[in-house]
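Residues per chain are reported as follows:
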Amino acid sequence: MALQPIEGQPGLFRDTDTGQIVNIRDFREGDKYDSIIIPPQVVVQTGTECVFFADIQGKRTTDTNFATQRKLSAGESMVLDRIGLYFRTSVGNSITSGRDIMKIVENCYYKLTINDILQDEGPAIKFPSGYGLYGNTTENNTSVMALGVPATASAARLIKKQMLNQNHELNGLLRFDARTWTSAPNPAGFPATVTVVQPTLDTPLIITNYLHGLIRSAVTK
């Protein structure tokens, strides 16, 4: 499933698993994406899992462009190059507070699997999308937050590009783990311990998981 460029043949790659030659000359650069929402005034319970690409019911293209749960559409294919998370700074007329974004970014774990094979994982802070607003505001109680620098060149790419089609099952997961180690006796000798309380948000937060790469739609095949 990993792609390797063929020297001297621009636009041609070899699938290292099958040996098949993949022609990406008919592909366009773009994203496949899906979103989840965390409501306000609800304690995020330890072990809570928010799953991307699984529930697309009622969503329009503002929040997802998947037509089939966990899979690309029939005839669609993609060369996956980059994974990113974007934390929306407003939900309708509600402005998401910078405090709430920080509470989630710094306290959850993300992983992406394809056909149950792990592609990447780590704290959410590791996965900037390269998208977002940037600048300052003079509004009271308002901040402009972004995960990393809002520039696509700053977002890390997968070491190996992955070729996806409608036969691959995608699973993006955000999880809130217990952090009991902080309340154990400190081996460094500090006299106090820390009890980590899972976050409660004051404002609603939508998180969008972007899969960036080269996409070929069925109509262009």
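Reading guide: rules and limits
- Residues numbered from 1 in each chain as written.
- Predicted model: local features only at pLDDT ≥ 70, side-chain atom pairs only at ≥ 80, totals over all residues.
- Heavy atoms only, no water.
- Buried < 20%, exposed > 50% of the residue type's maximum accessible area, 1.4 Å probe, protein only.
- Helix = DSSP H or I, 4+ residues; strand = E, 2+ residues; numbered from the N terminus.
- Arc of directions from axis to C-beta.
- Contact = heavy atoms within 4.5 Å.
- Pairing = 2+ DSSP bridges.
- Axes fitted to C-alpha atoms, helices over the stretch in contact; angles between N-to-C directions.
- pLDDT = per-residue confidence, 0-100.

Participant: Explain helix 1 (residues 98–105) here, please?
Facilitator: Three- or four-residue spacings in an α-helix give side chains the same orientation, since the helix completes a turn every 3.6 residues. Among all positions in helix 1, only Gly98, Asp100, Ile101, Ile104 and Val105 are buried. Take helix 1 and look down its axis: the buried residues cluster within an arc of 160°, on one side only. Among the structural elements, strand 4 (28–38), strand 6 (77–87) and strand 13 (205–216) are those in contact with the buried residues of helix 1.

Participant: Quick question: what am I supposed to make of the sheet that holds strand 13 here?
Facilitator: Each strand in a sheet pairs with another by means of backbone hydrogen bonds, the pair being arranged parallel or else antiparallel. Spatially, seven strands are ordered 3-2-1-11-6-13-4 in an open sheet, and the strand pairing comes out antiparallel. A strand with exactly one partner marks an edge of an open sheet, and here the two such strands are strand 3 (21–23) and strand 4. Each strand of the sheet is rotated relative to its neighbour by a mean of 40°, with strand direction disregarded. Pairing analysis gives three bridges linking strand 2 (residues 12–15) to strand 3, with the strands arranged antiparallel. By the bridge assignment for strand 3, Arg14 is matched with Ile21. Relative to strand 13, helix 1 is tilted by about 65°, and along the sheet it contacts strand 4, strand 6 and strand 13.

Participant: Explain the pairing of strand 4 here, please?
Facilitator: The side chains of a regular strand alternate between both faces of the sheet. Of all the 11 residues making up strand 4, eight are buried; the element is thus mostly covered by neighbouring parts of the structure. One ladder, built from 11 bridges, connects strand 4 with strand 13; its direction is antiparallel. Following the sheet pairing, Ile37 is matched in strand 13 by Ile206.

Participant: Any chance you could explain the confidence of the model for the protein chain here in plain terms?
Facilitator: Low-confidence regions, as indicated by low pLDDT, have predicted coordinates that should not be scrutinised in detail. Averaged over all residues, the pLDDT of the protein chain equals 88, while 90% of them reach at least 70. The secondary-structure element of the protein chain with the lowest mean pLDDT is strand 1 (residues 2–5), recorded at 78, while strand 5 (residues 49–52) shows the highest, at 98.

Participant: Is there a simple way to explain unusual backbone geometry in this structure?
Facilitator: If a residue is not glycine, its phi is most likely negative; likewise, a peptide bond is most likely trans. Even without a glycine there, the phi angle at Phe53 is positive, about 75°. Of note, Phe53 is situated in the loop between strand 5 and strand 6. A residue is classified by how much of its surface remains accessible, and Phe53, at 0% relative accessible area, is buried. One non-glycine residue, Asn115, lies in the positive phi region at around 50°. In this structure, Asn115 sits in the loop between strand 9 (109–114) and strand 10 (117–123). For Asn115, a relative accessible area of 35% corresponds to the partly exposed category.

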